[in-house]
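Chain residues, written in single-letter form:
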Amino acid sequence: MLGIAGGCATPIGVSEIDRRTVGQILTENTVSANRPSTSSRQVMLRLGLADHYQRDPEAALAELHALAMQELVDDRLFALAEYSYLYAVRQYHECRQPTGNPRDRRPQRASDSATRPECERARAYFMATAIYAYAFLFPESGHAAPSRFDPRLRTAADLYNLAVTSAIEARRGAIAPGVRSHRFHLGTLELELPAEELRYAERQLEDFVPAAQLAVRGLRNRYRRPGIGAPFVASAVVPEGASVPVRSARVPKRAKVPITVLVRLDDVEAGLRSGALRGRIEIYSEAEASEVEIAGQRVPLEYETTSTLAYGLARSPLWGFGLAGFRDPEYLQTLDALSSSDGLIMWEPYKRGRIPVVLVHGTASSPAWWAEMLNEMLSDPILRSRYQFWFFIYSTGNPILYSASRLRNALGDAVSELDPTGRDAALRRMVLIGHSQGGLLVKLQAIASGTRFWENISDKPLAEIPLEPATRETLEEALFFEPQSFVERVIFISTPHRGSFLAGGRLGRFASSLVHTPGNLLRASGDLANAGIGLASSAVKRSRSFFDLFSRSDEGARLQRKLSRLPSSVDNMEPDSPFTLTLQSLPIDSRIHAHSIIPVLGGPPPDDQNDGVVAYQSAHIDGVESEFIVYHSGHSTQGNPDTIQETRRILLEHLETP
């Protein structure tokens, strides 16, 4: 009574703490704070092992394991997972320290020092972490699974995923098929990896890189689909001399794919008691499986899609394609990474029942510039499950009609190859999205040109002109268009329907002077010249061409007089060019839904504004179902959040359209 009356603190009582401290107490764990959770610390304190762990971690963990085998309850398994992971991480960091050699100051890879005791201990305790976490997540012997409100559930999944990642990363990500036995402090772990697990769309999976250990730059959001399994980025490689099936023939040769490594354990509780553990390594790809069954539960698999996208683009030749592909029509053929020569690329193997969305880039650009939009689309569960994403890459300096004919042929060939019997209705609900010049290529898939483009060249019917067969075929493909039956919707982004004000200026003329003409078009031009027909426009006559190289010779002068120079895409986009005037006069087929997304540099209203390249009045066209203005945005608006959200809205609307 005297103590109370005198205001002395009692042995047991309470004090107020701030909300931030409360949040830390509720959420901290070994993964987030490098400190075990409150529940695991409670186990160690209750069993009298807390101080023992500080003095001798391995002995304390061995004693906790023995106690858990006597009473296999969830709190002990979870504490074993957390404390094993904490100790494994400590050993891993010691493993990475420089060796005793004074000349070697570099951190060590775990795989470079695999024989060091710290490295072996780290790997052993990572394996133990995965086993304990698996036993906690998927209990046997009639024990109840943890509640979905139990914060330990997500922590245990993270521990399992990170532990499997770390165990594999210690071997440089090399995963070879076969059966392996690992001896460690829990006994023996025998793991089987069937060879078929290393296959992806008839390709070989190799070069596994832990996705969780990659820092992503350049993308606004990083998306992870939480679940079970260690997420990796792997290369899907076509084996030497192997044939690739049609469904994946247009996937890049060394495609980077998000995969998940799952270690499935057999009768894990009995294995923990006997010291003889067995399991199987299963490898899943994001394109082929979203969940898996374990212990009677349907469990989502964990994937890292953003890190896969960023990793693939980090070393991609697509970044260098923009200017090189603008100048050189043959540069596309030098990109060995592409699987097809017609420029149509698939993000992942064709899947029946999913609608193709084809993204067509603009001038001096490449498919790499769609990365921000693709990242957002792949993160959307509805879009990801209903659409498949394709890209068209082309030499953007070529005449637009020629590039559009290549797009038409590539799409037609893909549809015929993938679905020759016409049973996949989704394949014939295609959505084309074009940015800048790409929008003009897209429009040409949705109009009936008749003879209008040919009439810009000659008033004589093409059939009456004496031409070589190859020239006639080239002209028929490039000058005559019909709406494509498999295209149902088009989206124009920053598209110069009435030309670009930059094209006719000094910058446009300079850009046009850099362009080389494809050989087949040069031959066609010469054939037409021999027939007395030229292809010149006033803009083209001002530009430099391939034939200027001959200007000092008599033969060059003769060719210069005889041949009209072919217009480049920049010449085509002059507001007063015959191509621009003709295309803007051709309406979009009434069967095809059309939408415009138009950026302008300022705020509303958009009239008399531009995006730095295209004026609003040029990008605006009548007859579209919607026109969305992206204010305070420049020409390259594909990655703008407003542009992406409007594109998403249209794609969702497309799903509802009968």
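Everything numeric in this text was worked out from a predicted model, so none of it was measured.

Would you take a moment to explain the overall build of the protein for this structure?
Broken down by element type, the protein carries 26 helices and 18 strands. With the model as given, the accessible surface of the protein reaches about 30,000 Å², and the carbon-plus-sulfur share is 52%.

Whenever I open this one, the packing of aromatic side chains confuses me. Can you help?
For the coordinates displayed, the defined rule picks out 11 aromatic pairs. Taking 4.9 Å as the distance between ring centres and 90° as the angle between the ring planes, the aromatic pair formed by Tyr87 and Tyr125 counts as edge-to-face. Highlighted residues: Tyr87 in helix α7 (residues 74-96) and Tyr125 in helix α8 (residues 117-137), separated in sequence by 38 residues. Across this residue pair, the class does not change: Tyr87 and Tyr125 are buried. Centroid distance Tyr92 to Phe126: 6.4 Å. Interplanar angle 65°. Geometry classified as edge-to-face. Residue Tyr92 is found in helix α7, and its partner Phe126 is found in helix α8; the two are separated by 34 residues along the sequence.

When you look at the pairing of strand β13 (residues 355-360) in this model, what are you seeing that I'm missing?
Judged by how many residues are buried, β13 sits mostly within the fold: six of six residues are covered. Taking every second residue as pointing to the same face, both faces of β13 are buried, with Ile355, Val357 and Leu359 on one and Pro356, Val358 and Val360 on the other. Both β13 and strand β14 (residues 387-392) contribute to a ladder of six bridges, which runs parallel. The residue of β14 that forms the bridge with Ile355 is Tyr387. Relative to strand β15 (residues 430-435), β13 is paired through four bridges, and the arrangement is parallel. Along β15, the bridge assignment pairs Leu359 with Ile433.

When you look at the nonpolar core in this model, what are you seeing that I'm missing?
As a rule of thumb, soluble globular proteins bury nonpolar side chains together. Residues Ile228, Val261, Leu272, Trp390 and Leu444 are the most contacted members of the largest nonpolar core, which totals 133 residues. Counting residues per element, this core draws most heavily on α8, at 14 residues. Ignoring sequence-local partners within four residues, the contact set of Leu444 consists of Ile400, Leu401, Ala404, Phe453, Phe481, Phe579 and Leu583. Leu318, Val357, Leu359 and Ala426 belong to the second-largest nonpolar core, a separate cluster that totals 36 residues.

What exactly am I supposed to notice about helix α18 (residues 469-479) here?
One full turn of an α-helix is made of 3.6 residues, so residues set three or four places apart face in the same direction. Within α18 the residues assigned to the buried category are Thr471, Thr474, Leu475, Ala478 and Leu479. Here the buried residues of α18 occupy an arc of 100° about the axis, which is enough to place them on one side. Facing away from the buried surface of α18 by more than 90 degrees, the exposed residues are Pro469 and Ala470.

I tried to follow helix α15 (residues 400-418) on my own but got confused; where do I start?
Between its first and last C-alpha, α15 extends 27 Å over 19 residues, near the 27 Å set by a 1.5 Å rise per residue. Counting buried positions along α15 gives 14 out of 19 residues, so the element sits mostly inside the fold.

Looking at this structure, how should I read the sheet that holds strand β4 (residues 203-210)?
As a general point, the strands of a sheet are linked pairwise by backbone hydrogen bonds and lie either parallel or antiparallel. Pairing within the open sheet is mixed, and its seven strands lie in the order β1-β2-β8-β7-β6-β4-β3. Both edges of this open sheet fall to β1 (178-184) and β3 (199-200), since each of them pairs with a single strand only. Taken together, the two bridges between β3 and β4 define a ladder with antiparallel strand orientation. Pairing of Tyr200 across the sheet is with Arg203, part of β4. Strands β1, β2 (187-193), β7 (254-266) and β8 (276-285) of the sheet are contacted by α8, whose axis makes an angle of about 105° with β1. Packed onto the sheet, helix α11 (residues 305-314) meets β4, β6 (230-237) and β7 and runs at close to 140° relative to β7.

Explain the packing of helix α4 (residues 38-46) against α7 here, please?
Two quantities define a packed helix pair, namely the angle between the axes and the distance from one axis to the other. Interaxial distance between α4 and α7 falls to 9 Å at its minimum, and their mutual angle equals 105°. Our classification of the angle between α4 and α7 gives roughly perpendicular. The segment α4 lies against α7, with Ser39, Ser40, Arg41, Val43, Met44 and Arg46 engaging Asp75, Arg76, Phe78, Ala79, Glu82 and Tyr83. The class makeup of the residues in the contact of α4 with α7 is five nonpolar, two polar and five charged.

The rules behind each value
- Residues numbered from 1 in each chain as written.
- Predicted model: local features only at pLDDT ≥ 70, side-chain atom pairs only at ≥ 80, totals over all residues.
- Heavy atoms only, no water.
- Helix = DSSP H or I, 4+ residues; strand = E, 2+ residues; numbered from the N terminus.
- Areas by Shrake-Rupley, 256 points an atom, 1.4 Å probe, with all protein chains shown as cover.
- Phe/Tyr/Trp six-rings, centres within 6.5 Å; stacked < 30°, edge-to-face > 60°.
- Buried < 20%, exposed > 50% of the residue type's maximum accessible area, 1.4 Å probe, protein only.
- Pairing = 2+ DSSP bridges.
- Core = buried A, V, L, I, M, F, W, Y, C linked by side-chain atoms within 4.5 Å.
- Contact = heavy atoms within 4.5 Å.
- Arc of directions from axis to C-beta.
- Expected span 1.5 Å × (residues − 1).
- Axes fitted to C-alpha atoms, helices over the stretch in contact; angles between N-to-C directions.
- Parallel < 35°, antiparallel > 145°, perpendicular 65-115°, else oblique.
- Nonpolar A, V, L, I, M, F, W, Y, C, P; charged D, E, K, R; others polar.

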